[in-house]
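Structural overview
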Amino acid sequence: MRNSLEVRPLTGSIGAEIHGVDIADDLDDGTIGAIRQALLDHCVVFFRDQNLEPERHKAFARRFGPIFVHPFLRSKSTDPEIVEITREPGDTRIVGEDWHADTTMMPEPPMGAILYGVEVPPYGGDTLFANQYLAYETLSDGMKRMLEGMRALHSDRLVTGPAAAAKINAGRSTKTRDDSEWRETITAHPVVRTHPETGRKLLFVNRSYTVGFEDMTEAESRPLLDFLMEHGNQPEMTCRFRWRQGSVAFWDNRACKHLAINDAGQYRRVMRRVQVAGDAPR
Ligand code: SIN
């Protein structure tokens, strides 16, 4: 079905709302191409007032690539292709509360994620996004030269497995793996990644997964890593999305980081997420 699509930028640096499209429809290739272009241009796009049943959610995701199955979240969903992210009143921890890109410890992290607001609090529970092209472009020439060719180690040990789960799961309704069969996944990726579709360079490190630089100790890595992570979260590089029931955020996981704000207080928040497979960062 053909929709007349309007792209409205949200800030000067990242994010756009897309209007005039029902993403539960069988969309024509031109409309899907326009959504993909808006995603590449703005790093994250938002849709309002959608009615996205799980099968339509997955069908929309598949127009952008195969579905990525999340390796460690134990959500309420029985469908492995869907993660339900639930925050109950009283939860002290939530999924995605640090600045991160999703599951970057994988050799091929997802290209994107499509998050749908099922039950949204009247206030609180917004999500922040930060443009990592800008993070790279605003570094000095000296820093850019130093980072050229450097690789960082991305591990899931901070967010899953028995040790992390002991701290996280007690405060959180959506649990992470805590079984003894769990084994760390660790992969080295370039610190400066070239986006496979736009050809632009971007900074590719994040709080949840990046634990150090290749061939350096974690203590040696920490000061530079901390600098790069904070540098990439500056307000001028971010947007903040206020959810309503039926809102959808579709982010380019290669080009931005995101953070879920844990301020929904007494309210429940239920989100449904489908991720799209990606390729090895280069
Ligand atoms: C996530 O990190 O994917 C969760 C984002 C959110 O719940 O807003």
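Summary of the structure given here. (Residues numbered from 1 in each chain as written. Predicted model: local features only at pLDDT ≥ 70, side-chain atom pairs only at ≥ 80, totals over all residues. Heavy atoms only, no water.)

Further remarks concern the sheet that holds strand S17 (residues 256–260). As summarised here, the arrangement of the three strands in space is S15-S8-S17, forming an open sheet in which the pairing is antiparallel. The sheet is open, and its two borders are formed by strand S15 (238–241) and S17, each paired with just one other strand. Direction aside, neighbouring strands of the sheet carry axes that sit 20 degrees apart on average. Across five bridges, the pairing between strand S8 (residues 127–131) and S17 is antiparallel. Paired with Thr 127 across the bridge in S17 is Ala 260. (Pairing = 2+ DSSP bridges. Helix = DSSP H or I, 4+ residues; strand = E, 2+ residues; numbered from the N terminus. Axes fitted to C-alpha atoms, helices over the stretch in contact; angles between N-to-C directions.)

Okay, the pairing of strand S18 (residues 269–276) next. In terms of residue burial, S18 counts as a mostly covered element, since eight of its eight residues are buried. With burial as the criterion, each face of S18 is covered, one bearing Arg 269, Met 271, Arg 273 and Gln 275 and the other bearing Val 270, Arg 272, Val 274 and Val 276. Note: strand S4 (residues 67–68) against S18, two bridges, orientation antiparallel. By the bridge assignment for S18, Ile 67 is matched with Val 276. Of the strand pairs in this sheet, strand S6 (residues 83–87) and S18 are connected by five bridges, and their pairing is antiparallel. For Val 83, the partnering residue across the bridge sits in S18 and is Arg 273. Bridge count between strand S7 (residues 112–119) and S18: seven bridges; the pairing is antiparallel. Looking at S18, one finds that Gly 112 is bridged to Val 276. (Buried < 20%, exposed > 50% of the residue type's maximum accessible area, 1.4 Å probe, protein only.)

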